[in-house]
Amino acid sequence: QVYKGLDIITNKVSPQEQRLCRHHMISFVDPLVSNYTVVDFRDKAVALISFHAAACLAEPIPIVVGGTNYYIESLLWKVLINTKEKPSGAPGPVSDRKVELEQLDSAELHRRLSQVDPEMAAKLHPHDKRKVARSLQVFEETGIPHSEILHQQQEEEGGGPLGGPLKYPHSCILWLHADQAALDARLEKRVDAMVAAGLLEELRDFHRRYNRQKVAENRQDYQHGIFQSIGFKEFHEYLVSEGNCSPETSALLLEKGIQALKQVTKRYARRQNKWVRNRFLKRPGPNVPPVYGLEVSDLLRWEEDVLKPALEIVESFIQGREPPAEPLRMEHDEKENKRSHHMCELCDRLIIGDREWAGRTQAGA
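This one's a predicted model, so the numbers in the text were calculated from it and none came from an experiment.

1. Structural notes on a negative patch on the surface
Part 1 of the reasoning: Residues Asp179, Glu295, Asp298, Glu303 and Glu304 make up a contiguous surface patch of negative charge.
Part 2 of the reasoning: Summarising the element assignment, Glu295 is placed in strand β5 (residues 291-295).

2. Observations regarding helix α7 (residues 129-142)
Part 1 of the reasoning: Relative to the 20 Å expected for 14 residues at 1.5 Å per residue, α7 spans 20 Å between its end C-alpha atoms, a close match to the ideal helical length.
Part 2 of the reasoning: Packing partners of the buried residues in α7 comprise α4 (97-101), α5 (106-116), α6 (118-123) and α8 (146-155).
Part 3 of the reasoning: Among the residues trailing α7, Gly143 stands out with phi positive, at a value near 80°.

3. A closer look at helix α10 (residues 199-216)
Part 1 of the reasoning: At Arg208, α10 shows its strongest bend, of approximately 55°.
Part 2 of the reasoning: Among all positions in α10, only Leu199, Leu200, Leu203, Phe206, His207, Tyr210 and Asn211 are buried.
Part 3 of the reasoning: Check the buried side of α10 and you find it contacts α9 (180-196), α11 (236-241) and α12 (247-281).
Part 4 of the reasoning: Asn218 occupies a position one or two residues after α10 and carries a positive phi of about 55°.

4. Side note on the packing of α5 against α7
Part 1 of the reasoning: One way to put it is that α5 packs onto α7 with a least axis distance of 10 Å and a crossing angle of 40°. The orientation of α5 with respect to α7, classified from their angle, is oblique. When you trace α5 past α7, the crossing you get is left-handed. In this structure, α5 contributes Ser106, Leu109, His110, Arg112, Leu113 and Val116 to the contact, and α7 contributes Lys129, Val132, Ala133, Ser135, Leu136 and Phe139.
Part 2 of the reasoning: Its residues assigned to classes, the contact of α5 with α7 comprises seven nonpolar, three polar and two charged.

Here is what the cut-offs are and how they apply
- In every chain, residue numbers begin from 1 and rise along the written sequence.
- Given that this is a predicted model, residues contribute local features only at a pLDDT of at least 70 and side-chain atom pairs are listed and counted only at 80 or more, while totals for whole chains, interfaces and linings are drawn from all residues.
- Computation of side-chain values covers all heavy atoms of the structure but excludes hydrogens and water.
- Like-charged residues are merged into a patch within 9 Å and nonpolar side chains (Val, Leu, Ile, Met, Phe, Trp, Tyr) within 5 Å, provided each residue has over 30% relative accessible area and no salt bridge.
- Residue exposure ignores everything except the shown protein chains as possible cover, and the areas themselves are Shrake-Rupley values with a 1.4 Å probe.
- By salt bridge we mean one thing: a side-chain nitrogen of Lys or Arg within 4 Å of a carboxyl oxygen of Asp or Glu.
- Asp and Glu are treated as the negative residues and Lys and Arg as the positive ones, with His and the ends of the chain left uncounted.
- Think of each charge as sitting on NZ of Lys, CZ of Arg, CG of Asp or CD of Glu.
- Helix numbering and strand numbering both begin at the N terminus, where a helix is a DSSP run of H or I of at least 4 residues and a strand a DSSP run of E of at least 2.
- In this analysis, the expected span of each helix is defined as 1.5 Å times one less than the number of residues it contains.
- Contact criterion: two residues are considered in contact whenever any of their non-hydrogen atoms come within 4.5 Å of each other.
- The seven residues ending at a residue and the seven starting there each receive a fitted axis; the angle between those axes is the bend at that residue.
- Exposure classes here rest on a 1.4 Å probe applied to the protein chains alone. A residue is buried below 20% of its type maximum, exposed above 50%, and partly exposed in between.
- Convention adopted: a line fitted to C-alpha atoms gives each axis, helices being fitted over their contacting stretch, and angles between N-to-C directions are expressed from 0 to 180 degrees.
- To sort the angles, those under 35 degrees are grouped as roughly parallel, those over 145 as roughly antiparallel, those from 65 to 115 as roughly perpendicular, and the leftovers as oblique.
- A crossing counts as left-handed when the near helix is turned anticlockwise from the far one by less than a right angle, and as right-handed when that turn is clockwise.
- Three classes are used: nonpolar for Ala, Val, Leu, Ile, Met, Phe, Trp, Tyr, Cys and Pro, charged for Asp, Glu, Lys and Arg, and polar for all others, with Gly counted as polar.

Here it is in structure tokens:
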């Protein structure tokens, strides 16, 4: 009943949830496809939303579940830049210019960007190869500096600091958050449950089919595609040594992998929460949807603290009235420059952002 008439766009869902309502975009990309990007995700998800909107007499309610907040942003705002694609049917493999650029030295990459887009180069850390390579790719494949395109998006009617206007003006964000200690304990139990449910067998099978030969030829890549997902590189030592070492050593490597998975999972959850605070709550404006916080620390209070208020908020939006709950707000400094550059002479390091610099100078004092 809760999901009746809804379309869920997600890649994380249980079979029980799938039986309650239609889900989309689950297990639809081949594991070895390494050039699937957030642009591909956005295009497919937007097409699905538009298709169901045209096919239904009543307007459908798409619910996007994450996961990766950057992907959610791609559906909320006009923020992504389409670069040139290889023509359909063209001979030869599809090359990814960004991946090619990432093979260059960091200093060379940043030097090239400084020549064609000094504004973007000033904002990005010289060692952030992914972002520097992406900005270079944008310039090479569009002929327009990345910074200029971003300015154009932000200056559109309804645009703002996060990019262009909202794609869907009547949107809201439900942020499920928990006390850090409760969240950490829950994530550790989740990893244990994954192992008990067959995670190791799945990893062994995937390693045998897709990664063993790459490892033997020393060309494994944990920076692109599915191999960068949490759970693969953490068990690398265990998988490559299984059967070639003593049971005691194998057990130690397995435990090492499990503990590494728990740590990286908790770290990722912290980054997700930080993203919501910095990207949504500290940047209010006409192009930022309201964010409603739902406390999930105590699962025994799920009905009172999560389900009931969430339904009330969604029903209010559907009916065009003010929700009973107030959206979250955080104080922010409008003058703060998150991309400013400061050179620390004591540690000979480049510090990005006013807040990080202020914290270091205060600690030094």
